[in-house]
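Structural characterization, general
Residues per chain, in single letters:
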Amino acid sequence: MDLDTVRTFVAAAESGQFQTAAVDLAVTQQAVSKRIAALERDLGVRLFTRTPRGAELTIDGQAFLPHARELLRVAERAVESVRTGRRPLRVDVIASRSAQSSLMRGFHRAHPEIDLDVVMLFDVEAAVAAIRSGAIDASFRAVAMPGRPLPEDIESVRVLDEPLQLLTGPAHVLAGARSVTLAQLVGHRIWMPGIVPGTEWAAYYDDLVAEFGLTIEATGPNFGSDALLDTVADTPALATFMSEQTRLVWPSGYGLRRIPVTDPTPVYPHSLLWHRDNPHPALATLRTHLATTAAGHGEAGTWMPDWVIQR
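Sequence order as written defines the numbering, with residues in each chain counted from 1. A pLDDT threshold of at least 70 governs which residues receive local features in this predicted model, and a stricter bar of 80 or more applies before side-chain atom pairs are shown or counted, although totals over entire chains, interfaces and linings include all residues. Remark: hydrogens and water are excluded; side-chain values derive from all non-hydrogen atoms of the structure.

Moving on, we come to the overall build of the protein chain. Going along the chain from the N terminus, every DSSP run of H or I of four or more residues is numbered as a helix, and every run of E of two or more is numbered as a strand. Looking only at helices and strands, the protein chain features 9 helices and 13 strands. C-alpha atoms define the radius of gyration, and 2.2 Å times the number of residues to the power 0.38 defines the globule rule. Over its C-alpha trace the protein chain gives a radius of gyration of 30 Å, far above what one expects of a compact globule, namely 19 Å for 311 residues. Principal-axis analysis of the C-alpha atoms gives the protein chain an extent of 100 × 40 × 35 Å. Across the 311 residues in the protein chain, those meeting the buried criterion constitute 43%. The contact definition used throughout considers only heavy atoms, calling two residues in contact when any of these lie within 4.5 Å. Considering only contacts within the protein chain whose residues lie at least 6 apart along the sequence, 75% involve residues at least 24 apart. Exposure was quantified through the Shrake-Rupley algorithm and a 1.4 Å probe, taking into account, for residues, occlusion by the shown protein chains and nothing else. Just so you have it, the protein chain exposes about 15,800 Å², and 53% of that area is on carbon and sulfur atoms. When charges are counted, Lys and Arg are positive and Asp and Glu negative, with His and the chain ends excluded. To locate a charge, take atom NZ for lysine, CZ for arginine, CG for aspartate or CD for glutamate. Each charge sign in the protein chain was given a centre, from 29 positive and 36 negative side chains, and these centres are 7 Å apart. To sort residues, take the accessible area from a 1.4 Å probe on protein chains only and compare it with the maximum for the residue type: under 20% means buried, over 50% means exposed, and anything in between is partly exposed.

Right, here's the structure in full:
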């Protein structure tokens, strides 16, 4: 059913005059008559009766009018849902308790007038595909895959270098340390079941292991952060890496320790990715906000792989 004919029917029904409807719609009276005739043929009923005073709705016209109005309202809502600047800004973060999520909460506090949809995709390849298809407007990603640079139509900017910390239980041999060096971690078991081979974060930790001779184990199923905390708290021989801004809560009886890592401090670099032709006005606002809150990059005393996202 053609929406122009439905819109013309509603205009004529509300004004009671084909001529008035023509003026309101900026078309000729003949065009109004043709559209109404076409709609009547499609429906198989008469919608108007001509009278000396103009055009009156028939019983069928009266029955159709509320549905016609609803059709137009639905069509307008459909257009508004994708109209640039009207739909929410869709942004991908790695996890709900991550530094990227904290950045988006800060953005929302600074710009509560901007509607947001926050999603969580699996890896950088899924994020890039979603950006290129228009499914999302931007993504926070830490690193690209070695030898697989970003496509030319994807822009990126570093927004945060986040230090890693060591998380131990109370009985771990390093639990009492105020800080630990990477050299001190050699020979200790660092358990990280969330590492998935082939992902950008797996590549990051592979380089960390190769550079400093660490032992990082990704064995066993990943039951989430709660199970990880339970195991680390109860197992003196295990520790794990935790990003500095990861927000976690555990029972006070666990006695877990978050210990800074130094000489050098491994940092996980977070970048914002977007399509260079994305016109959403809120995207520019997000980039400006992040530029004013971004932490220093590549500071002395820090380490990261040399293939991180940079443009």
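Next comes the rest of the account.
This paragraph deals with the environment of Leu71. Tracing the sequence through the fold places Leu71 in helix α4 (residues 59-82). Owing to a relative accessible area of 37%, Leu71 belongs among the partly exposed residues under this scheme. Taking C-alpha positions, Leu71 is 36 Å from Arg276, a pair spaced 205 residues apart along the chain. Other than its neighbours up to four places away in sequence, Leu71 contacts Met1 and Val6.

In terms of residue burial, strand β10 (residues 238-243) counts as a mostly covered element, since 6 of its 6 residues are buried. Burial along β10 is two-sided: Leu238, Thr240 and Met242 facing one way and Ala239, Phe241 and Ser243 facing the other are all buried. Strands are labelled as partners when DSSP assigns at least two bridges between them. Examined bridge by bridge, strand β6 (residues 154-168) and β10 share 5 bridges and lie antiparallel to one another. Bridged to Thr168 within β10 is Ala239.

Before going further, it helps to examine the nonpolar core. In this structure, Leu166, Leu185, Tyr205, Leu208, Ile216 and Phe241 are the most contacted members of the largest nonpolar core, which totals 23 residues. Among the secondary structure elements, those contributing two or more residues to this core are β6, α7 (200-212), β10 and β11 (257-262). When residues of this core are assigned to their parent elements, the largest contribution, 5 residues, is made by α7. Beyond its immediate chain neighbours, meaning those up to four positions away, Ile216 contacts Ile190, Met192, Ile195, Tyr205, Leu208, Val209 and Phe241. Put simply, a nonpolar core is a bunch of buried Ala, Val, Leu, Ile, Met, Phe, Trp, Tyr and Cys residues held in one set by side-chain atoms that sit within 4.5 Å of each other.

This next bit is on the packing of helix α1 (residues 3-15) against helix α3 (residues 29-43). What counts as an axis is a line fitted to C-alpha atoms, over the stretch in contact for a helix, and the angles between N-to-C directions run from 0 to 180 degrees. Remark: α1 packs on α3, axes separated minimally by 9 Å, with the N-to-C direction vectors making an angle of 110°. Of the possible angle classes, the one that applies to α1 and α3 is roughly perpendicular. Between α1 and α3, the contacting residues are Asp4, Thr5, Thr8 and Phe9 on the first element and Val32, Arg35, Ile36 and Leu39 on the second. The residue classification treats Ala, Val, Leu, Ile, Met, Phe, Trp, Tyr, Cys and Pro as nonpolar and Asp, Glu, Lys and Arg as charged. All others, Gly included, are polar. Tallied by class, the residues present in the contact of α1 with α3 amount to 4 nonpolar, 2 polar and 2 charged. For classification purposes, angles smaller than 35 degrees are called roughly parallel, those larger than 145 roughly antiparallel, those between 65 and 115 roughly perpendicular, and all remaining angles oblique.

Right, let's talk about helix α9 (residues 281-293) for a bit. Between the first and last residue of a helix there are one fewer steps than residues, each counted as 1.5 Å, and that sum is the expected span. Helix length check: α9, at 13 residues, gives a terminal C-alpha distance of 19 Å against a target of 18 Å (1.5 Å per residue), a fit within 8%. Turning to α9, its buried residues are Ala282, Leu283, Leu286, His289 and Leu290. All buried residues of α9 fall inside an arc of 125° around its axis, so they share one side. Set apart from the buried face of α9 by more than 90 degrees, the exposed residues are Thr288, Ala291 and Thr292. Looking at the packing, one finds that the buried side of α9 touches β3 (89-92), α5 (99-110), β5 (138-141), β6 and β12 (265-275). This arc corresponds to the set of directions leading from the helix axis out to the C-beta atoms.

Here the focus is the confidence of the model for the protein chain. The share of residues in the protein chain with pLDDT of 70 or more is 95%, and the mean pLDDT across the chain is 90. Here pLDDT means the predictor's own confidence in every residue, given as a number from 0 to 100. Model confidence for the protein chain, summarised as mean pLDDT per element, is weakest for α4 at 86 and strongest for strand β7 (residues 180-181) at 97.

With 13 residues, α1 extends 18 Å between its outermost C-alpha atoms, agreeing within 8% with the 18 Å of an ideal straight helix rising 1.5 Å per residue. Taken together, the buried positions of α1 are Thr5, Val6, Thr8, Phe9, Val10, Ala11 and Ala12. Two to three positions downstream of the cap, the backbone nitrogen of Asp4 sits 3.0 Å from a side-chain oxygen, assigning the N-cap of α1 to Asp2. Side-chain atoms alone can form a polar contact between residues adjacent in sequence; in general such a contact is a pair of N or O atoms within 3.5 Å, and within protein one must be able to donate a hydrogen while the other accepts it.

In this section: the environment of Gly147. Along the chain, Gly147 falls in the loop between β5 and β6. Overall, Gly147 belongs to the exposed group, its relative accessible area being 77%. The spatial distance from the C-alpha of Gly147 to the C-alpha of Trp307 is 8.3 Å, given a sequence separation of 160 residues.

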